[in-house]
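# Understanding the architecture of this molecule
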Amino acid sequence: FMQQPWVLILFSLLLTIMALSMFDVYQLQLPASWQSWMSQGVGRFQGGKYLSVFVMGALSSLIVGPCVAGPLAGALIYISQTHDVFIGGFALFVMACGMSVPLLLTGLSADSLLPRAGNWMTHIKTVFGFMLFGVALWMINPLLNDQFRLMSWGALLVIAAFFTPLIRRTHDAHGFFTKLASAIGLLLLLAGSAEFLGGMMGGTDLLTPIKSAGVAESRIDVKHVVFERISGESQLNELLKNSDQPVLLDFYADWCTSCLEMEKFTFTDPMVISKMQNWRRLQIDVTKNTPQDREIMRRFQVFGPPAMIFFNKN
């Protein structure tokens, strides 16, 4: 469901809107009345009091909480499967230490561990803004053709280069960090130009964007593991029943990044091709997530692609 085009586009737009706030296109903040109410509430608590420390710690855990939601869910799933009370309790205790110790150290340091406010914070906002733009573009990658995807990444890198001291000389030209930022900007400009021009020339590979038509044609003959596509559980059962070879069933989807990597790197490896010669190679495409797709995934307890199921002759 999360791979539906309208869902991907919606998330990409949301990330783009969030990225714009990093460039001060608009201010994303709580209403002034809320901020005033929170400041007054916090001001009532005095330092050194158990209740004050508890309340501030609780607020801090609420802020940090979403960052560890993923690992926490993984830990709880592991505990539910192992039924080991000691390991489960210890794992959660270690996670609690990981959340609290940095906050305790920061509090005990009397701000000596925190960097001072300065112009560097603006540059950090810019970096995170472009990271958000990158994630927004990555979200809709499955909806773009290879050439337009390459040109889009190139355009993003070129725009990012214009936000470095290479173009905007707002710092001391002789400073180390200014020179380093200029060098990074130059690399971004060169890489982005290569990606954009490569896409216009028909390139499709982010790692080798610029390639001639002759190189593109020569790669058509690359050997690849050939799979036989099947459409459902009944067809699989029939093929398993009549096969005199061991069978390999591969679960594939167009939106599965790992599946695409395996198609490009793993299934073109000569050793892999050689090892699979004696297997009957089946593949089911679960891109559309039809009821038949969900049924066969439930049968083998496959959460989603990539996954491979191996059957012997019996």
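In this text the structure is predicted, and so the values were computed from the model without any measurement. (Residues numbered from 1 in each chain as written. Predicted model: local features only at pLDDT ≥ 70, side-chain atom pairs only at ≥ 80, totals over all residues. Heavy atoms only, no water.)

### Quick look at the packing of helix α4 (residues 69–82) against helix α5 (residues 85–108)
Relative orientation of the contacting elements α4 and α5 amounts to 170°, with a least axis distance of 9 Å. Our classification of the angle between α4 and α5 gives roughly antiparallel. Residues P71, L72, A75, L76, Y78 and I79 of α4 pack against I87, G88, L92 and M95 of α5. Taken together, the residues of the contact of α4 with α5 sort by class into nine nonpolar, one polar and no charged. (Axes fitted to C-alpha atoms, helices over the stretch in contact; angles between N-to-C directions. Helix = DSSP H or I, 4+ residues; strand = E, 2+ residues; numbered from the N terminus. Parallel < 35°, antiparallel > 145°, perpendicular 65-115°, else oblique. Contact = heavy atoms within 4.5 Å. Nonpolar A, V, L, I, M, F, W, Y, C, P; charged D, E, K, R; others polar.)

### Thoughts on the environment of F128
Within the secondary structure layout, F128 lies in helix α6 (residues 120–139). Take F128: its relative accessible area is 45%, and that puts it in the partly exposed class. (Buried < 20%, exposed > 50% of the residue type's maximum accessible area, 1.4 Å probe, protein only.)

### Remarks on helix α13 (residues 291–299)
Note: α-helices contain 3.6 residues per turn, so residues at a spacing of three or four share the same orientation. Looking only at α13, the buried set comprises D293, I296 and M297. Projected down its long axis, α13 carries its buried residues within an arc of 100°, all on one side. Seen from the open side of α13, the exposed residues pointing more than 90 degrees away from its buried face are P291 and R298. Among the structural elements, α10 (233–242), β2 (247–252) and β3 (280–285) are those in contact with the buried residues of α13. Where α13 ends, the next residue or the one after it, Q301, has phi of about 55°, a positive value. (Arc of directions from axis to C-beta.)

### Quick look at a nonpolar patch on the surface
A contiguous nonpolar patch, built from Y78, F86, I87, F90, F93 and V94 and spanning about 660 Å² of accessible area, is present on the exposed surface. Looking at which element gives the most residues to the nonpolar patch, the answer is α5, with five residues. With respect to the helices and strands, the residue F90 is situated in helix α5. (Patch = residues over 30% accessible without salt bridge, like charges linked within 9 Å, V, L, I, M, F, W, Y side chains within 5 Å. Areas by Shrake-Rupley, 256 points an atom, 1.4 Å probe, with all protein chains shown as cover. Salt bridge = Lys/Arg side-chain N within 4 Å of Asp/Glu carboxyl O.)

### Notes on the pairing of β3
Of the pairings in the sheet, the one linking strand β1 (residues 228–230) to β3 comprises three bridges and is parallel in character. Along β3, the bridge assignment pairs I230 with I284. (Pairing = 2+ DSSP bridges.)

### Considering α5
In a regular helix each residue adds 1.5 Å, so 24 residues correspond to 34 Å; α5 covers 33 Å between its end C-alpha atoms and thus fits that length. The largest bend in α5 comes to about 30°, at S100, with the proline P102 one to four residues further on. (Expected span 1.5 Å × (residues − 1). Bend = angle between axes of the 7 residues up to and from the residue.)

### Examining the sheet that holds β2
Taken in spatial order, the four strands line up as β1-β3-β2-β4 in an open sheet, and their pairing is mixed. Looking at strand neighbours, the two that pair on one side only are β1 and β4 (307–311), the edges of this open sheet. Looking at each pair of strands side by side, their axes are set apart by 25° on average, direction ignored.

### Quick look at the confidence of the model for the chain
Of the residues in the chain, 89% reach a pLDDT of 70 or more, and the chain-wide mean stands at 82. Least confident of the elements in the chain is helix α9 (residues 213–218), whose mean pLDDT is 48; most confident is β2, at 94. (pLDDT = per-residue confidence, 0-100.)

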